[in-house]
Amino acid sequence: MNPVSVVIIGAGPSGLLLGQLLHKAGIETMILEQRTPDYVLSRIRAGVLEQGTVNLMREAGCGARMDKEGIVHHGTGIMANGVLHRIDFQTLVGKSVMVYGQTEVTRDLMEARQASGAPTLYEAEHVELLDLEQDQPRVRFHHQGQVKEISCDFIAGCDGFHGVSRRSIPETILKTYERVYPFGWLGILADTPPVDEELIYINDDRGFALCSMRSPTRSRYYLQCGLDENIDAWSDDKFWEHLKARLPDEHQNRLVTGPSIEKSIAPLRSFVAEPMRYGRLFLAGDAAHIVPPTGAKGLNLAASDVYYLWQALSEFYQRGSSHGIEHYADRALARVWKAERFSWWMTMLLHNFPDMSPFETKMLRAERDYLFSSQAAMTALAENYVGLPY
Ligand code: FAS
Ligand code: PHB
C-alpha cells in the first residue's frame, strides 16, 4: 500500500473528527476501523456537546445538521437533598451546551469522510503498530483475507479504551491512573417526549438518576444500579417505576413512558494513561482517558485532544515546526486532568456510595448544601460543565 502522512486507528468520533480536520488541511490520512459502520453507529453514548466540540464540528464542515437539529441548552436541573435547583449557564458564565447525540455526530462525520474520498477501511482486524520510534512507523493489519501493511509519518491512536494503541506503548514507559466506581448506569432510550426541556441530574436516597434527551420526541434516561445487575432483570416497566420514584414531585406525573429502543448497563471509571505520545504514536480520546459520564465530558475531551493533535500536525506539515507535536501530550493532559476532576466531583456529589462512612455521607450532604447556597460554587460548576477553554 502507498504510504500516507497519518494513519488513524479507529473510526469513532475521535478518529473521524481528526480525519476530517486533517483532510481539510490537505494532510493525507488512512483510517483503520475493526468494526462495520453499522456497528459503530449502533453504540448509544454521549448526548451533550460543549461549545468547543460544536465549533470543531463546524470547522470540519460537519455542523449543518447539528445546527439544524441540535438543541441549545442554557442551563440544567440538579435535584439534591430533595430540592430541584437550576444551574443557569447563561447567567453564570455566558455560555451554553448543545444536545446532539454522539450517534448523530458519528453519522455526520462518517458521511463527510465518505464524501471526501479519503480512505477508511472497515473490518480491518489484528492491527499491529510497528517501528513507533522510527521516522516511518508501520501499521500491519488483516483486511478482506489479506495481510496488509502501510507506512506513515505518524499514527493517531483513536481506538478507544479497549484498542491496540495504548497497549503498544511499552509498560516500562506507560503510567496509568484509575478509579473504578462501585456502581454502573442503566440507560434506556425511548421514543417518548422528554420529561423536561432541560436535563435533570438527580441525587435521591434510592440512587442517582439522569433525565436527558436526543430530540423533542426521543428521551434518554439513566439510573444508578449495582455492578452485579443483570440487564435481563430490568423490564421496561421496572425501569420506569424506579425512575419515576426518583423524579422531583412535579415531574412524576409528567413522565411519558414507552417501549425501550435500547437498554444497557455501563460501568463507571476514571482512567488516565500517560504519556499520550510515544515516538510517532499519539493517543486521543478514550484510548488515553475515560471519565464517568456524570459530567458529560467523555466525547468532549476526545474533541479537545483532536483539536490539539490537528493543530500540531498542521503546524508540522504546513510550517515544518515540531513545536506542537513536542507539546501535544502536555497540552492535552492539562485539560484531561481538569475534566477528570470535574467528572469525579460530579459523580461523588450525585451518587450514593454503598460503603461510605457516616462522616463522608455528611460531607457530601454539606457539599450539596454549599453548592446551591453559593453563586461562586454554582459558577464553578457551570464553567466546568459548559467546557473549560482549550
Ligand atoms: P470510541 O470507543 O468511541 O471509538 C473507538 C473506535 O476504535 C471504535 O469504533 C472501535 O471499534 C475502534 N477500535 C477499537 N480497537 C481497534 C483496533 N484494534 N483496530 C481498529 N479499530 C479499533 N461520554 C459522554 O460524554 N456522555 C455519555 O453519556 C457517555 N456514555 C457512554 C457510555 C458507554 C457505554 C461508553 C463505552 C462510553 C460513553 N461515553 C460517554 C464516552 C464516549 O462517548 C467516548 O468518550 C467516545 O466514544 C470517545 O470516542 P473515541 O475516542 O472515538 O472512542
Ligand atoms: C446523555 O444524554 O446520554 C447524557 C447527558 C449528560 C450526561 C451523560 C449522558 O452527563
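If you're wondering where the values come from, they're calculated on a predicted model, not measured in any experiment.

What the eight strands build is an open sheet, ordered S6-S5-S13-S14-S15-S12-S16-S19; its pairing is mixed. Looking at strand neighbours, the two that pair on one side only are strand S6 (83-88) and strand S19 (289-290), the edges of this open sheet. Here strand S14 (residues 207-215) pairs with strand S15 (residues 218-225) via six bridges, running antiparallel. Following the sheet pairing, Met-213 is matched in S15 by Ser-219. Along the sheet, helix H10 (residues 323-350) contacts strand S5 (75-80), strand S12 (175-190), strand S13 (200-204), S14, strand S16 (260-274) and S19; its crossing angle with S16, the most-contacted strand, is approximately 125°.

Attention shifts here to the nonpolar core. Judged by nonpolar contacts, the single largest core of 71 residues is most densely connected at Ile-9, Leu-17, Leu-18, Leu-32, Val-139 and Met-276. Take this core: its biggest share by element is nine residues, from helix H9 (residues 298-319). In contact with Leu-32, not counting residues within four places along its chain, are Val-7, Ile-8, Ile-9, Gly-10, Leu-121, Ala-124, Val-139 and Phe-141. One finds Val-99, Met-213, Leu-381 and Tyr-385 within the second-largest nonpolar core, a separate group that totals 35 residues.

With that settled, the discussion passes to the pairing of strand S2 (residues 29-32). On S2, burial covers both faces: Thr-29 and Ile-31 on one face and Met-30 and Leu-32 on the other are all buried. Where strand S1 (residues 4-9) and S2 come together, four bridges link them in parallel fashion. Bridging across to S2, Ile-8 finds its partner in Ile-31. Assessed by its sense of winding, the connection that carries the chain from S1 through helix H1 (residues 13-24) to S2 is right-handed. Note: S2 against strand S8 (residues 120-121), two bridges, orientation parallel.

The rules behind these values
- Residues numbered from 1 in each chain as written.
- Chains lettered and ligands numbered in written order.
- Predicted model: local features only at pLDDT ≥ 70, side-chain atom pairs only at ≥ 80, totals over all residues.
- Heavy atoms only, no water.
- Pairing = 2+ DSSP bridges.
- Helix = DSSP H or I, 4+ residues; strand = E, 2+ residues; numbered from the N terminus.
- Contact = heavy atoms within 4.5 Å.
- Axes fitted to C-alpha atoms, helices over the stretch in contact; angles between N-to-C directions.
- Core = buried A, V, L, I, M, F, W, Y, C linked by side-chain atoms within 4.5 Å.
- Buried < 20%, exposed > 50% of the residue type's maximum accessible area, 1.4 Å probe, protein only.
- Right-handed = clockwise from strand over helix to strand, strands pointing away.

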